[in-house]
Amino acid sequence: MTAFAVAFPNAAIFIVLASMELLGWGTAILCAVLAWVGVAGVLRIYFDDLRRVARYATALRDKFRGTPPQHLFFGAASELSSLYTQITNAFRERIAHLEAQTSTDAEILDHLPNPVVMVNRQRVVTGFNQAARGLFHNLEIGRDLTRYIRDPILLDAFDDVAGEREQMKHAEFVLASDAHRHFDVLTARLPAATGDRNFVLSFSDLTELRKLEQMRADFATDAGHELRTPLSVLLGFIETLEGPAKDDPDALHQFLPVMRDQGQRMQHLIEDLLSLARIELNEHTPPSDDCDIGKIIDKVAQTLAMKAEAKGMEIRISCDLDNTEIVGEEKEMTQVFVNLVENAIKYGHPKTSIDVSITLAKNTPGALARYRHDRVLAVAVRDHSDGIAREHLPRLTERFYRVDTARSRAVGGTGLGLAIVKHLVQRHRGTMIIDSEQGVGSVFTVYLPAKASDNIRKLHTA
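Everything numeric in this text was worked out from a predicted model, so none of it was measured.

A.B. asks: In this structure, what is going on with the packing of helix H7 (residues 249-281) against helix H12 (residues 417-427)? I would like to understand it.
C.D. replies: To describe two helices that pack against each other, one gives the angle between their axes and the distance between the axes. Between H7 and H12, the least distance of the axes is 10 Å, while the angle of their chain directions is 20°. When the interaxial angle is binned, H7 and H12 end up roughly parallel. The chirality of how H7 crosses H12 is left-handed. On H12, the residues that touch Asp272, Ser275, Leu276, Ile279 and Glu280 of H7 are Ala419, Ile420, His423 and Leu424.

Below, the structure written as structure tokens:
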């Protein structure tokens, strides 16, 4: 049809010449047909060039890849194809530059020690770094921020910044876990050039600072309360020896052993308080060394064998596992099981056994569910004692909590042993379950993640 339209003026001229008898009708019709065929041939070649350029453009649009058409007959089509190629190359260079820039920005972000989360106005997560992934489990782009953070104070701070009432705002955030972690969260607006990443939340860890503050307060309260009694006894005896019993050898012989016992009690108490303070300070940092629980239990049994034999007791160990390794500090794990076995000796009936078993946990306690460890060791220390009433069990690991204060002090307890055990186990991302039946005895079961490649990764991101 295009060829007919282009050839029509020529055909009209031939018809006019034929009507004026200047040209025969047959010749005129033949010339008109030949003109149309010539124009159609030229246009077919031209349109074929355009179709090849169009297919090239379509390939660039759909796949961003394509081969420029070769041997084009018309210069306009060749210029159009060359223009498409230049535009494509420019786009490819720009995209490569943006990808490199994005990769560099991501690497810089991942190397930041503080967790960083980017969100848009709708509170949808648009980006984060590796530190944030370790802090919030299952963190994903495209998820709502409230899926991971439900703290109203922090969300209100975000709303103030999003509503342009504040340019940036700080809020304190506590991440609920076995070891509570405190963060100062800075919410700030990003430049418009960042696209849909409108806001950034930067988390600065305040856990160590808050623990130090709490430890100072607790130490002053607990130490003052526990040290008052032995100190009063010592001062009373010293005043007596300086006064009425100054020259009384019998009184000196009677008072000195008591003074020594009270002094040792204060020494043990201070050592335990300092040990607990160090443990709580590092509780949120997972261990990095390896240790073998089976070997540790054997050493503990050998160390405490004489103390057990003095009461006619026997420490029996059962373990059917070939591998009892965990990611943990040997010194700290030794302290855990020394405290538990010593308690079993102190409170167990004479001439009974202390049974220590090492097994793989079949049912992981709920406290470890969020870590999703593949293999968990269960180390149970069972004694044969008077047992503990159930109402006391939830508070046994509190510092200075005693079921029977007089008996605990009589056997040399400071009231800190189980608190130390709890915090050491929590540092190893484990937990302890206490079960007791009055008149039968008690079982203290420590659950620890066994050493495995997947467990190690989860332990260090917990």
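Back to the write-up after that little detour.
A.B. asks: For this particular structure, what's the right way to read the sheet that holds strand E1 (residues 116-119)?
C.D. replies: The pairing of strands in a sheet happens through backbone hydrogen bonds and is either parallel or antiparallel. If you trace the 5 strands from one edge of the open sheet to the other, you get E2-E1-E5-E4-E3, paired in antiparallel fashion. The open sheet terminates on both sides in strands that have one partner only, identified here as strand E2 (125-128) and strand E3 (168-175). Each strand axis lies, on average, 25° off the axis of its neighbour in the sheet, ignoring direction. As paired elements, E3 and strand E4 (residues 181-189) share 8 bridges and run antiparallel to each other. If you follow His170 over to E4, its bridge partner there is Leu186.

A.B. asks: What is the right way to look at the sheet that holds strand E9 (residues 353-360) in this model?
C.D. replies: The strand order across the open sheet formed by 5 strands is E7-E9-E10-E12-E11, and the pairing between neighbours is mixed. Looking at strand neighbours, the two that pair on one side only are strand E7 (314-319) and strand E11 (431-437), the edges of this open sheet. Strand-to-strand, the axes of this sheet are offset by a mean angle of 15°, without reference to chain direction. Sitting on the sheet, helix H10 (residues 330-347) touches E7, E9, strand E10 (376-382), E11 and strand E12 (441-449), and the angle it makes with E12 is about 170°.

A.B. asks: How should H7 be read in this particular structure?
C.D. replies: Every α-helix winds through 3.6 residues per turn, so residues three or four apart in the chain are directed the same way. With 33 residues, H7 should reach 48 Å at 1.5 Å per residue; the first-to-last C-alpha distance of 48 Å fits that figure. The principal kink in H7, of about 25°, is found at Phe255, preceding the proline Pro257 by one to four residues. Within the span of H7, buried status applies to Ala251, Phe255, Met259, Gln262, Arg265, Met266, Leu269, Leu273, Ser275, Leu276, Ile279 and Glu280. Here H7 starts with a cap whose side-chain oxygen sits 3.0 Å from the backbone nitrogen of Asp250, and that cap is Asp248.

A.B. asks: Any chance you could explain the nonpolar core here in plain terms?
C.D. replies: Within soluble globular proteins, side chains that are nonpolar tend to cluster in buried spots. In this structure, Ile293, Met333, Val336, Phe337 and Leu340 are the most contacted members of the largest nonpolar core, which totals 55 residues. A per-element tally of this core places H7 first, with 8 residues. What Leu340 contacts, discounting residues up to four positions off in sequence, is Val381, Leu418, Val421, Met432, Phe444 and Val446. One finds Phe136, Tyr148, Phe183 and Phe203 within the second-largest nonpolar core, a separate group that totals 25 residues.

A.B. asks: I tried to follow the packing of aromatic side chains on my own but got confused; where do I start?
C.D. replies: The description of an aromatic ring pair rests on the distance of the ring centres and on the angle between the ring planes. Enumeration according to the criterion identifies 6 aromatic pairs in this entry. Consider the rings of Phe173 and Phe203, whose centres lie 6.1 Å apart with planes at 70°: the pair is edge-to-face. Note that Phe173 is positioned in strand E3 and Phe203 in strand E5 (residues 199-205), a separation of 30 residues in sequence. Given the relative accessible area of 4%, Phe173 is considered buried. With relative accessibility at 1%, the residue Phe203 sits in the buried group. Here the aromatic rings of Phe237 and Phe255 are separated by 4.5 Å at their centres, their planes lie at 5°, and the arrangement is stacked. Here Phe255 lies in helix H7 and Phe237 lies in helix H6 (residues 207-242), a separation of 18 residues in the sequence. With relative accessibility at 18%, the residue Phe237 sits in the buried group. On the accessibility criterion, Phe255 (13% relative accessible area) is buried. Among the aromatic side chains, those forming a connected cluster through ring pairs are Phe136, Phe173, Phe183 and Phe203.

Rules behind the numbers
- Residues numbered from 1 in each chain as written.
- Predicted model: local features only at pLDDT ≥ 70, side-chain atom pairs only at ≥ 80, totals over all residues.
- Heavy atoms only, no water.
- Axes fitted to C-alpha atoms, helices over the stretch in contact; angles between N-to-C directions.
- Helix = DSSP H or I, 4+ residues; strand = E, 2+ residues; numbered from the N terminus.
- Parallel < 35°, antiparallel > 145°, perpendicular 65-115°, else oblique.
- Left-handed = near helix turned anticlockwise from the far one by under 90°.
- Contact = heavy atoms within 4.5 Å.
- Pairing = 2+ DSSP bridges.
- Expected span 1.5 Å × (residues − 1).
- Bend = angle between axes of the 7 residues up to and from the residue.
- Buried < 20%, exposed > 50% of the residue type's maximum accessible area, 1.4 Å probe, protein only.
- Polar contact = N/O pair within 3.5 Å; in protein donor to acceptor, adjacent residues only side chain to side chain.
- Core = buried A, V, L, I, M, F, W, Y, C linked by side-chain atoms within 4.5 Å.
- Phe/Tyr/Trp six-rings, centres within 6.5 Å; stacked < 30°, edge-to-face > 60°.

Read these as layout, nothing more, since geometry by itself doesn't imply function.
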